[in-house]
Amino acid sequence: MKVTYERSGCKQFFKKHRDDEKTIKTCIENALDMQLKTGMSKVKRAVSARVNGQCVYEFRVNLKRTGSARVAFIAGNTDVSNEDHDTIDGGDDANVTVLFISSTLQKDEFTHLLEHDLKEAGLCD
């Protein structure tokens, strides 16, 4: 699995937790890998808008010393044959882009922040 981080949505979080950036990335990548391999049971749709034609998902992750955070992402290898839900193949060749990381845990506040960030970055379809 290849994970990339969208600068506009992750920069502020990594700047705030500069000393823990490597640990944070490891925790996020491990959690993403686990979720993709186990059918994304803890993952929800983050916003109705799409980024590069793909659904934006979010989930909560424990970042050890930093505490909990919500992470929004898109994943490649999306099967859109099911109109209601996209399914993601969690294979080793999956491409995941982390769009936004926030320590705001309340879902509606997180969604508002994410929508604002996506619009400012011009990522929404």
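Cut-off values and rules
- Residues numbered from 1 in each chain as written.
- Predicted model: local features only at pLDDT ≥ 70, side-chain atom pairs only at ≥ 80, totals over all residues.
- Heavy atoms only, no water.
- Helix = DSSP H or I, 4+ residues; strand = E, 2+ residues; numbered from the N terminus.
- Buried < 20%, exposed > 50% of the residue type's maximum accessible area, 1.4 Å probe, protein only.
- Areas by Shrake-Rupley, 256 points an atom, 1.4 Å probe, with all protein chains shown as cover.
- Core = buried A, V, L, I, M, F, W, Y, C linked by side-chain atoms within 4.5 Å.
- Contact = heavy atoms within 4.5 Å.
- Expected span 1.5 Å × (residues − 1).
- Arc of directions from axis to C-beta.
- Polar contact = N/O pair within 3.5 Å; in protein donor to acceptor, adjacent residues only side chain to side chain.

### Re the overall build of the protein
Each helix and strand in the protein was counted, giving 3 helices and 7 strands. Beginning at the N terminus, the succession of helices and strands in the protein can be written as β-α-α-β-β-β-β-β-β-α. Counting all 125 residues of the protein, 41% fall into the buried class. Of the roughly 7300 Å² of accessible surface on the protein, a fraction of 44% belongs to carbon and sulfur atoms.

### Some remarks on the nonpolar core
Ranked by size, the top nonpolar core spans 24 residues in total, and within it I28, L32, F59, L63, F73, V98 and I101 carry the most contacts. Elements represented by at least two residues in this core include exactly α1 (7-16), α2 (21-37), β3 (54-62), β4 (68-75) and β7 (95-102). When residues in this core are grouped by element, the largest group, 6 residues, is from α2. Not counting the four nearest positions on each side in its chain, I28 is found in contact with Y5, V61, L63, V71, V98 and I101. Core analysis: the second largest hydrophobic core is formed by 12 residues, F110, L114, L118 and L123 among them.

### Looking at α2
Relative to the 24 Å expected for 17 residues at 1.5 Å per residue, α2 spans 24 Å between its end C-alpha atoms, a close match to the ideal helical length. Residues I24, C27, I28, A31, L32, Q35 and L36 constitute the buried set of α2. Down the axis of α2, the smallest arc covering the buried residues is 155 degrees, so these residues share one side. In α2, those exposed residues whose orientation departs by more than 90 degrees from the buried face are K22, N30 and K37. Directly beyond the C-terminal end of α2, a positive phi value near 90 degrees is found at G39.

### Description of the side chain of S102
Mapping S102 onto the fold places it in strand β7. On the basis of relative accessibility, which here comes to 7%, the residue S102 falls in the buried class. A distance of 3.0 Å separates a polar side-chain atom of S102 from the backbone nitrogen of T104. For S102, the residues in contact, after removing those within four places along its chain, are F13, A69, R70, F110 and L113.

No statement about biological role is implied by the geometric values presented.
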